Amino acid sequence: MTSSQKGKGWEQGSGKSTMARLLRSITDPCAVSASSLPKDERDLMVMAQNGHVLNFDNVSKMEGWLSDAICRMATGSGFISRKLHTDGDAYWFQRARPVLLNGIPALTERTNLAERALSVRLKRINEAGRQPEELFWQE
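What comes next is a walk through the structure.

Parameters at a glance
Residues numbered from 1 in each chain as written. Predicted model: local features only at pLDDT ≥ 70, side-chain atom pairs only at ≥ 80, totals over all residues. Heavy atoms only, no water. Buried < 20%, exposed > 50% of the residue type's maximum accessible area, 1.4 Å probe, protein only. Helix = DSSP H or I, 4+ residues; strand = E, 2+ residues; numbered from the N terminus. Pairing = 2+ DSSP bridges. Core = buried A, V, L, I, M, F, W, Y, C linked by side-chain atoms within 4.5 Å. Contact = heavy atoms within 4.5 Å. Axes fitted to C-alpha atoms, helices over the stretch in contact; angles between N-to-C directions. Left-handed = near helix turned anticlockwise from the far one by under 90°. Nonpolar A, V, L, I, M, F, W, Y, C, P; charged D, E, K, R; others polar.

This paragraph deals with the pairing of strand 2 (residues 78-82). Across the two faces of strand 2 the burial differs, with Phe79 and Ser81 buried and Gly78, Ile80 and Arg82 not buried at all. Pairing of strand 2 with strand 3 (residues 90-94), which is carried by five bridges, proceeds in the antiparallel orientation. Looking across to strand 3, one finds that Phe79 is bridged to Phe93.

Written out as structure tokens, the structure reads:
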């Protein structure tokens, strides 16, 4: 979930994290429902290899390499690297994966990512409409 409107961010208190976890749980009931961004493309590919949907929570900025890597993942491009602790063996990953991003700042300012994104803007939940997250999941 990202904002494709350049320079405009998201509402605080709109349930972004909960909505992203809910969307992921529909198709990928992973024990870790949301995570922080990976430090590099290798970590991103390891995450993608071990889950069907990637969910990055409370993203404050989108680095160029990550935006490009998510675009490649959206189209099923591959990643090849040297296996750790070997000289010539290759590690490769080639699959398309959906990626959920949520954060307050605009995250799809790069055209490549904006064209591949489905942006959802959630409205702020007023105090009367709020409920404890535990109750939300029970219901």
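Leu44 and Leu101 are the most contacted members of the largest nonpolar core, which has 19 residues in total. Listing elements by their share of this core, those giving two or more residues are helix 2 (41-49), strand 1 (54-56), helix 3 (64-75), strand 3 and strand 4 (99-101). When residues of this core are assigned to their parent elements, the largest contribution, five residues, is made by helix 3. Beyond its immediate sequence surroundings of up to four residues, Leu44 is in contact with Pro38, Leu54, Phe56, Leu66, Ala69 and Met73.

The next point concerns the packing of helix 2 against helix 3. Packing of helix 2 against helix 3 brings their axes to within 10 Å, and their N-to-C directions diverge by 35°. Between helix 2 and helix 3 the crossing geometry is right-handed. Contacts from Glu41, Leu44, Met45 and Ala48 of helix 2 reach helix 3 at Trp65, Leu66, Ala69, Arg72 and Met73. Residues that form the contact of helix 2 with helix 3 fall into these classes: seven nonpolar, no polar and two charged.

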